Amino acid sequence: MSKKGFDFDLEIENVKDEERFNNDNMIKEIQELIDTTPFSINDVGFYKNTGNLAVQGQVYRETKKEAEAEYTIFKEKILRILKKYYTDVKIKAIDRMKMYFSIK
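Thresholds, definitions, all that
Residues numbered from 1 in each chain as written. Predicted model: local features only at pLDDT ≥ 70, side-chain atom pairs only at ≥ 80, totals over all residues. Heavy atoms only, no water. Core = buried A, V, L, I, M, F, W, Y, C linked by side-chain atoms within 4.5 Å. Buried < 20%, exposed > 50% of the residue type's maximum accessible area, 1.4 Å probe, protein only. Helix = DSSP H or I, 4+ residues; strand = E, 2+ residues; numbered from the N terminus. Phe/Tyr/Trp six-rings, centres within 6.5 Å; stacked < 30°, edge-to-face > 60°. Lys NZ or Arg CZ within 6 Å of the ring centre and 35° of its normal. Contact = heavy atoms within 4.5 Å. Polar contact = N/O pair within 3.5 Å; in protein donor to acceptor, adjacent residues only side chain to side chain.

Chemist: Teacher, can you tell me more about the nonpolar core here?
Modeler: One broad rule of soluble globular proteins: the nonpolar side chains tend to lie buried together. In this structure, Phe8, Ile12, Val15, Ile30, Phe74, Ile78 and Leu82 are the most contacted members of the largest nonpolar core, which totals 24 residues. Looking at this core, the elements with two or more residues in it are strand E1 (3-16), helix H1 (24-36), strand E3 (52-61) and helix H2 (64-85). When residues of this core are assigned to their parent elements, the largest contribution, seven residues, is made by H2.

What follows is the structure, encoded as structure tokens:
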């Protein structure tokens, strides 16, 4: 049976590479989430043009719906972590890219 999935590029608005991002507890929580996520996270960093946090990866499952569900769970978890530490600004996830594919 073929699997369905997508490559994703997620930008998190108002989370910049600044002094308050260097919170060891927050970085530890984000790293733990990435390490335990059941799909591939290829890169985490900051966009040059906006300065916002970016996460790139790939998720695939038996169906497109399952892949989307896994991604949504991950996205909500990372937003929950960031909102805990960024209480004075609005944190928003922006799906910059999703490229869908099927594999056999």
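Chemist: What is the right way to read unusual backbone geometry from this model?
Modeler: Excluding glycine, residues mostly carry a negative phi; peptide bonds, for their part, are mostly trans. A positive phi angle, near 75 degrees, is found at asparagine 14, a position not held by glycine. In this fold, asparagine 14 is placed in strand E1. In this structure asparagine 14 comes out as partly exposed when scored by relative accessible area, which is 29%.

Chemist: It is not clear to me how the packing of aromatic side chains should be interpreted in this structure. Could you clarify?
Modeler: Each aromatic ring pair is characterised by the separation of its centres together with the angle its planes make. Applying the stated criterion across every chain, the model contains eight aromatic pairs. Consider the rings of phenylalanine 6 and tyrosine 71, whose centres lie 5.4 Å apart with planes at 90 degrees: the pair is edge-to-face. Of the two residues, phenylalanine 6 sits in strand E1 while tyrosine 71 sits in helix H2, which places them 65 residues apart along the sequence. Ring geometry for phenylalanine 39 and phenylalanine 74: centres 5.7 Å apart, planes at 75 degrees, overall edge-to-face. A residue pair is termed long-range when its members are at least 10 positions apart, and phenylalanine 39 in the loop between H1 and strand E2 (40-46) and phenylalanine 74 in helix H2 qualify at 35 residues. Ring pairs connect the aromatic residues Phe6, Phe8, Phe39, Tyr71, Phe74 and Tyr100, which therefore count as one cluster. The ring of phenylalanine 6 has lysine 98 sitting right over it, with the charged end atom 5.1 Å from the ring centre.

Chemist: Explain the environment of tyrosine 47 to me, please; I cannot follow it from the model alone.
Modeler: Here tyrosine 47 shows up in the loop between E2 and E3. Separated by ten residues in sequence, tyrosine 47 and threonine 37 have C-alpha atoms that sit 22 Å apart. For tyrosine 47, the contacting residues outside a window of four places in its chain are Asp9, Glu11, Asn52, Ala54 and Arg96. For tyrosine 47, the side chain forms a polar contact with the side chain of aspartate 9, separated by 2.4 Å.

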